[in-house]
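Below are the chains, spelled out letter by letter.
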Amino acid sequence: MSLYRHVLYLLLCRMETDCNPMELSSMSGFEEDAELNGFEEADMKDMKLEAEAVVNDVLFAVNNMFVSKNLRCADDVAYINVETRERNRYCLELTEAGLRVVGYAFDQVDDHLHSPYHETVYSLLDTLSPAYREAFGNALLQRLEALKRDGQS
């Protein structure tokens, strides 16, 4: 479980006395797939599979996001195109080092762009898109409210 999900899990556990980590998978857009999730899988090297998992995790909070079909994906690198809710487009590079912006259009890699790596897609999108941050927070709030309603009935 990534650090971000771990924090969400802890927040959700505060709302329930009987907390199960698998309940996070019922949150819209928060699917957990042990075979595809995160950099914590040391033996996982296929970055295209990793990129697909990244897309599935946050697609609910952006306008559009998909693994590039035009740029080379390999065991050690994959490219993801994302359009934020603000309609800004980015090309992201995913490697063992993390994610970083490599272009400001779909399928564009600017070799002169030296943006910092982010350990998670959540961190990267949090810096790029205030609307992502709001959508993510709203999804979490809806889940917490649902847990509270379920606990009162």
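Residues numbered from 1 in each chain as written. Predicted model: local features only at pLDDT ≥ 70, side-chain atom pairs only at ≥ 80, totals over all residues. Heavy atoms only, no water.

In the nomenclature of an unreviewed UniProt entry, the protein chain is known as GSK3B interacting protein of Ursus americanus.

Digging into the overall build of the protein chain
Across its full length, the protein chain holds four helices and four strands. Each helix and strand of the protein chain, ordered N terminal to C terminal, gives the series α-α-β-β-β-β-α-α. Evaluated residue by residue, the protein chain yields a buried proportion of 42% over its 153 residues. When the accessible surface of the protein chain is summed, it comes to about 8800 Å², and 49% of that surface belongs to carbon and sulfur atoms. (Helix = DSSP H or I, 4+ residues; strand = E, 2+ residues; numbered from the N terminus. Buried < 20%, exposed > 50% of the residue type's maximum accessible area, 1.4 Å probe, protein only. Areas by Shrake-Rupley, 256 points an atom, 1.4 Å probe, with all protein chains shown as cover.)

Things to note about the sheet that holds strand E3 (residues 89-95)
Within a beta sheet, neighbouring strands are joined by backbone hydrogen bonds and run either parallel or antiparallel to one another. Sheet architecture is open: four strands sit in the order E1-E2-E3-E4, paired in antiparallel fashion. Lying at the two open borders of the sheet, with one neighbouring strand each, are strand E1 (64-67) and strand E4 (98-103). Direction aside, neighbouring strands of the sheet carry axes that sit 25° apart on average. By the bridge criterion, six bridges tie strand E2 (residues 78-83) to E3 in an arrangement that is antiparallel. Opposite Tyr-79, over in E3, you have Glu-93 as the bridge partner. (Pairing = 2+ DSSP bridges. Axes fitted to C-alpha atoms, helices over the stretch in contact; angles between N-to-C directions.)

A few points about unusual backbone geometry
Of note in this structure, Arg-87 is not a glycine but carries a positive phi near 75°. As for its placement among the helices and strands, Arg-87 is situated in the loop between E2 and E3. We note that Asp-107 has phi near 60°; this positive angle belongs to a residue other than glycine. On the secondary structure map, Asp-107 appears in the loop between E4 and helix H3 (121-128).

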